[in-house]
Amino acid sequence: MSTHLVFGAGPIGTATALELAANGENVVVASRSGRGPTHNNITLVAADASNATAVSDLAVGATAIYNCLNPAYTRWATDWPPMANALLTAAASSGAVYVICSNLYGYGPIDGPITTDHPLAASGTKGQVRAHMWQDALAAHERGDVRVAEVRSSDYIGPNAESHLGDRIVPKLLAGKGVRVVGDPDVTHSWTYTVDAARTMVAAATNPTAWGRAWHAPTDTPRTQREAIADLAAAAGVPMISVKGMSRTMITSVGLFVPMVRELKETYYQFDAPFVLDDSATRTELGLEPTDWKIVLNEHVTPFLDEAATARTS
């Protein structure tokens, strides 16, 4: 039985670990808290991913290492480099395949569907951080030091996902209150299901033809934010609500007082023009298709419905 080492116990790390465990693999999930998904094939450990020695010690004997970490959005520039370096070094020393869970930030603004053939030309700090992580890993791969792959997704949707369709939207939707979304609510946008990203992580780790490349997770037909919220309303069995956009000026004003909102200025371009992921290579070469949109919607809203039901009875 192979041992797969998953760093991070958020939505993608959890889904990746459960996917591997369901396939009969031995899985170690490492997180700062030591908490994570429960399964007979999963062992949970506490670890600091920026501690290169500790990471390398954990990696001994691992078949694959999955970087599903997610540092605070406001601290990417400081927190990502030491963690990325520690995991890449551990993969090289252990001989494990190294798969990075990433996003589309590294490309920067692009007209038309985004493919992995586009250069990583982001000018913003967070986009450059993600681009440099992959460039460093790919350079090590091309030197023959390590085998790597990267899986890139658009904004997530799914249980407990940190999503533009998540905590800021669904509770208000269930309460019948209007919402404001980032940018133009009527431009098309790709939404990646967390489990589909995890399935692609596993496929990239276990398929030698996937190594040395970046892959886009299979993703359903793009939906505007207004359309996606209407779909969520239907899935939850509640009426549609008012949806308004937040302009760049509004983001700047609110950002003076809310650090998280201030960080959204860098990626505002993703929401004021069509932002569409092209996953054709993943579908054709890895044989992966996105999960049915209705299933995704139900999985996304169920935790919110359960929480609301619990609140009503408590």
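Residues numbered from 1 in each chain as written. Predicted model: local features only at pLDDT ≥ 70, side-chain atom pairs only at ≥ 80, totals over all residues. Heavy atoms only, no water.

### Overview of the nonpolar core
Note on soluble globular proteins: their nonpolar side chains tend to be buried together.
For step 1, the next point in the chain: Residues Phe7, Ile65, Tyr98 and Ile229 are the most contacted members of the largest nonpolar core, which totals 60 residues.
For step 2, the next point in the chain: Examining the composition of this core, we find that 9 residues originate from one element, helix 3 (residues 76–94), more than from any other.
For step 3, the next point in the chain: Beyond its immediate chain neighbours, meaning those up to four positions away, Ile65 contacts Leu5, Phe7, Ala59, Leu87, Ala90, Ala91, Ser94, Ala96, Val97, Tyr98 and Val99.
For step 4, the next point in the chain: By size, the runner-up hydrophobic cluster in this structure holds 29 residues, among which are Tyr66, Val97, Val202 and Leu286. (Core = buried A, V, L, I, M, F, W, Y, C linked by side-chain atoms within 4.5 Å. Buried < 20%, exposed > 50% of the residue type's maximum accessible area, 1.4 Å probe, protein only. Helix = DSSP H or I, 4+ residues; strand = E, 2+ residues; numbered from the N terminus. Contact = heavy atoms within 4.5 Å.)

### A word on empty space enclosed by the protein
Gaps left between atoms are located by rolling a probe of water-molecule size over the structure's atoms.
For step 1, the next point in the chain: Applying the stated criterion across every chain, the model contains 2 cavities of 30 Å³ or more.
For step 2, the next point in the chain: By volume, the largest cavity is sized at about 40 Å³.
For step 3, the next point in the chain: In this structure, the largest cavity is lined by Ala84, Asn85, Leu88, Tyr98, Ile100, Met133 and Asp136.
For step 4, the next point in the chain: Of all elements in the fold, only helix 3, strand 5 (97–103) and helix 4 (125–143) reach the threshold of two or more residues within the lining of the largest cavity.
For step 5, the next point in the chain: Among the elements that make up the lining of the largest cavity, the one with the highest residue count is helix 3 (3 residues).
For step 6, the next point in the chain: Of the residues that constitute the lining of the largest cavity, the class distribution is 5 nonpolar, 1 polar and 1 charged.
For step 7, the next point in the chain: Considering only enclosed or pocket space, the second largest cavity measures out at about 40 Å³ in volume.
For step 8, the next point in the chain: Those elements that provide at least two residues to the lining of the second largest cavity are strand 5, helix 4 and strand 6 (148–153). (1 Å grid on protein atoms, 1.4 Å probe; cavity = no way out; pocket = protein on both sides within 12 Å on 5 of 7 lines; lining within 4 Å. Points joined across faces, edges and corners; volume = space filled by probe spheres on them. Nonpolar A, V, L, I, M, F, W, Y, C, P; charged D, E, K, R; others polar.)

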